[in-house]
Amino acid sequence: MTKYDINELYDHTQEPFHLKHLLTDLGERTVYDAAAQCNRCGYCETVCPTYMLTGRETISARGRNQFLRLLIEGKTRDIDSARESFSTCLLCGACSSVCYAKVPTPDLVLEGRRSRDGYGRGFAARLGVDLLLNRRGVFELALKAGYLLKRLGLAALAGKLGFYDFLGLPALGAAQDALKHAPLKFLRKILLKDPALKPEGKKEAAWAYFAPCGPNYVFTEVGAATVALLKRFLGPGVFTDNFCCGLLAYNYGRVTEAREFAKKNILRFEELKKALGGFTVVGDCSSCVAFMKSYEQLFTEDEEWRPRAKAFAEAVKDILEALPTDKIKGRGPADGETVTYHDSCRACHGQGIRSEPRETLKKIAGKAFVELPESDWCCGGAGAYAFTQTALSERIADRKIRNIASTQAGTVLAGATSCLLQLNAGLKKKYPSARAVHYSVYMDNLTR
Ligand code: SF4
Ligand code: SF4
């Protein structure tokens, strides 16, 4: 018998760590009812990467939903298998895309992970989330110190000193080799200095740029390119001067803090709306954008915040869908280099974005654009997954890299930070003639 009691792994009375209701494609459901919607047809087994590579039922979507249901019913004592089942899920959502019963497996897996036995309650995760939420200056100073060590060639030392663990960003530490450069000036500071992005003096704006943590702290050139594209094709806009969307906290099991992040961003949105009227909030990391589109789910029990979260979510768009295809003009790649497109999971499965970026790309790149086989197969990045499930992550990435190589593309486009880190790490090792580039950076270059 394991030392864990059943109710210690899943105890929904631990309010701050659990959601009571999920907003599924079939309507609002309790967590149990959402899990019980799974009729065990197994259709999802044809797309679930962890099942397809291992053939193991316990690490398939059906197996995961079954574990959660049994845990809630108090009918399983196999806690170690349940933990493995939940922790190996990529949260990619491929299963939900093909599921006729619309079972929201990624949200159910996160419910399963939010246990009383450690997940999200470790010192590093708590401190990292708390710093980002309440002491952003300290968080940024520590991150810069880690980056400085990297620039001095002491990246390994930064890892050993536990800088990234301390910040709750172990994936960033593990991805150091994939980081071409580590910015010492963060995007938020740069954008706050741009007079064209200030809301003061404006009566209206077509868009407001939301800087996700990836572009803000890692790939600042992505945010700069997105803003340039928005100015060029949508007219004047503003910078939201936002906080982290809260996904980091949410994925670490810190639901209460995720709500705090969401509230800060909703308040900022409401302030801007008062001054500028309606506008679209555009972000350029699909994971964060998909999460912001689901803000209402964080507040199903809160009469005051639920409609406010819904209004915010309805204004949010991914840069992958925000550009008006009919107005886009540009030139193809000068060297005719082949370009392909990887569907980030939280874009295609999380938001249903598939055709928009392709239409725009075809218009710009013409015949240089080729489709990627299995383009919506996860790259294995999945936030901290490459760090926590290294072996499985590499097998998932290998299949993606083989598919990229089959197109002979020199550039593969993606719309999420985690994909850029993971794809570039994999390409460097197994197909170094190609590189992964953010969609915004590519589009900005060819439409100037
Ligand atoms: S999650 Fe959906 S597709 Fe998978 S077994 Fe359950 S009902 Fe079938
Ligand atoms: S979210 Fe992805 S890895 Fe997890 S069960 Fe669904 S398809 Fe499998």
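Further up the page is the structure itself.
All values reported here derive from a predicted model rather than from experimental measurement. (Residues numbered from 1 in each chain as written. Chains lettered and ligands numbered in written order. Predicted model: local features only at pLDDT ≥ 70, side-chain atom pairs only at ≥ 80, totals over all residues.)

Caption draft 1: Just the overall build of the protein chain, in detail. Secondary structure summary: the protein chain contains 26 helices and nine strands in total. Sequence-distant contacts, at least 24 apart, represent 75% of the contacts inside the protein chain between residues at least 6 apart. (Helix = DSSP H or I, 4+ residues; strand = E, 2+ residues; numbered from the N terminus. Contact = placed C-beta atoms within 7 Å.)

Caption draft 2: How the structure looks around the sheet that holds strand E9 (residues 435-438). Strand order across the open sheet formed by three strands is E7-E8-E9, with parallel pairing between neighbours. With one partner strand each, in any of the chains shown, strand E7 (339-341) and E9 form the two edges of the open sheet. Between one strand axis and the next, the sheet turns by 35 degrees as a mean value, whatever way the strands run. Pairing analysis gives three bridges linking E7 to strand E8 (residues 411-414), with the strands arranged parallel. Within the sheet, the bridge partner assigned to Val339 lies in E8 and is Thr411. (Pairing = 2+ DSSP bridges. Axes fitted to C-alpha atoms, helices over the stretch in contact; angles between N-to-C directions.)

Caption draft 3: Region of the structure containing the sheet that holds strand E6 (residues 316-318). Taken together, the four strands give an open sheet; going across it, the order is E4-E3-E5-E6, and neighbouring strands pair in parallel fashion. Two strands close off the open sheet at either side, each with one partner strand: strand E4 (237-239) and E6. Direction aside, the axes of adjacent strands within the sheet are offset by 30 degrees on average. Bridge count for strand E3 (residues 207-210) against E4 is three bridges, and the pairing is parallel. By the bridge assignment, Trp207 is partnered in E4 with Gly237.

Caption draft 4: Geometry of the environment of Ala382. In this fold, Ala382 is placed in the loop between helix H22 (355-365) and helix H23 (385-388). Separated by 35 residues in the primary sequence, Ala382 and Thr417 place their C-alpha atoms 9.6 Å from one another. Residue contacts for Ala382: discarding those within four places in its chain leaves Leu90, Leu91, Cys92 and Ser418.

Caption draft 5: Quick look at the site of ligand 1. Surveying the vicinity of ligand 1 reveals 15 residues, the closest of which are Cys38, Cys41, Cys44, Arg62 and Cys99. The biggest single contributor to the shell around ligand 1 is helix H4 (residues 61-73), with three residues. A breakdown of the residues in the shell around ligand 1 according to their chemical character gives nine nonpolar, four polar and two charged. (Near = placed C-beta within 6 Å. Nonpolar A, V, L, I, M, F, W, Y, C, P; charged D, E, K, R; others polar.)

Caption draft 6: The site of ligand 2, seen in detail. In the vicinity of ligand 2, 15 residues are found, and the nearest of them are Cys48, Ala61, Cys89, Cys92 and Cys95. Of all the elements in the fold, those that place two or more residues in the shell around ligand 2 are helix H3 (49-54), H4, helix H6 (94-98) and helix H7 (105-113). Looking at the shell around ligand 2 residue by residue, the class counts come to 11 nonpolar, three polar and one charged.

Caption draft 7: Structural detail: the nonpolar core. By size, the foremost hydrophobic cluster in this structure holds 131 residues, and its most contacted members are Tyr209, Cys378 and Ala414. A per-element tally of this core places helix H17 (residues 255-276) first, with seven residues. Contacts of Ala414, omitting those with residues within four sequence positions, involve His342, Ser344, Cys419, Leu420, Leu423, Ala436, His438 and Tyr439. (Core = buried A, V, L, I, M, F, W, Y, C linked by C-beta atoms within 7 Å. Buried ≥ 20, exposed ≤ 12 C-beta atoms within 10 Å, placed from the backbone.)

Caption draft 8: Unusual backbone geometry, seen in detail. One non-glycine residue, Leu91, adopts positive backbone phi at about 60 degrees. You can see Leu91 is positioned in the loop between helix H5 (79-87) and H6. Judged by local crowding, Leu91 falls into the buried class, with 20 C-beta atoms found within 10 Å. Residue Glu374 is not a glycine yet carries a positive backbone phi of 50 degrees. Here Glu374 falls in the partly exposed class, since 15 other C-beta atoms lie within 10 Å of it.

Caption draft 9: Molecular detail of the packing of H5 against H7. It is the contact of H5 with H7, at a shortest axis distance of 9 Å, that shows an interaxial angle of 135 degrees. Looking at the two axes, H5 sits oblique to H7. Considering only the axes of H5 and H7, their crossing is left-handed. Only Val109, Gly112 and Arg113 of H7 make contact with H5, whose side of the interface consists of Ala82, Phe86 and Ser87. (Parallel < 35°, antiparallel > 145°, perpendicular 65-115°, else oblique. Left-handed = near helix turned anticlockwise from the far one by under 90°.)

Caption draft 10: Local environment of H17. Under the 1.5 Å per step criterion, the end-to-end length of H17 is 31 Å for 22 residues, consistent within 8% with the ideal 32 Å. Buried residues of H17: Val255, Glu257, Ala258, Arg259, Phe261, Ala262, Lys263, Asn265, Ile266, Phe269 and Leu272, and no others. Of the residues flanking the end of H17, it is Gly277, one or two places downstream, whose phi is positive at about 75 degrees. (Expected span 1.5 Å × (residues − 1).)

Caption draft 11: Structural view of the environment of Ser287. Along the chain, Ser287 falls in helix H18 (residues 286-293). Separated by 60 residues in the primary sequence, Ser287 and Ala347 place their C-alpha atoms 7.2 Å from one another. Ignoring anything within four residues of it in the chain, the contact list for Ser287 reads Leu247, Arg346, Ala416 and Ser418.

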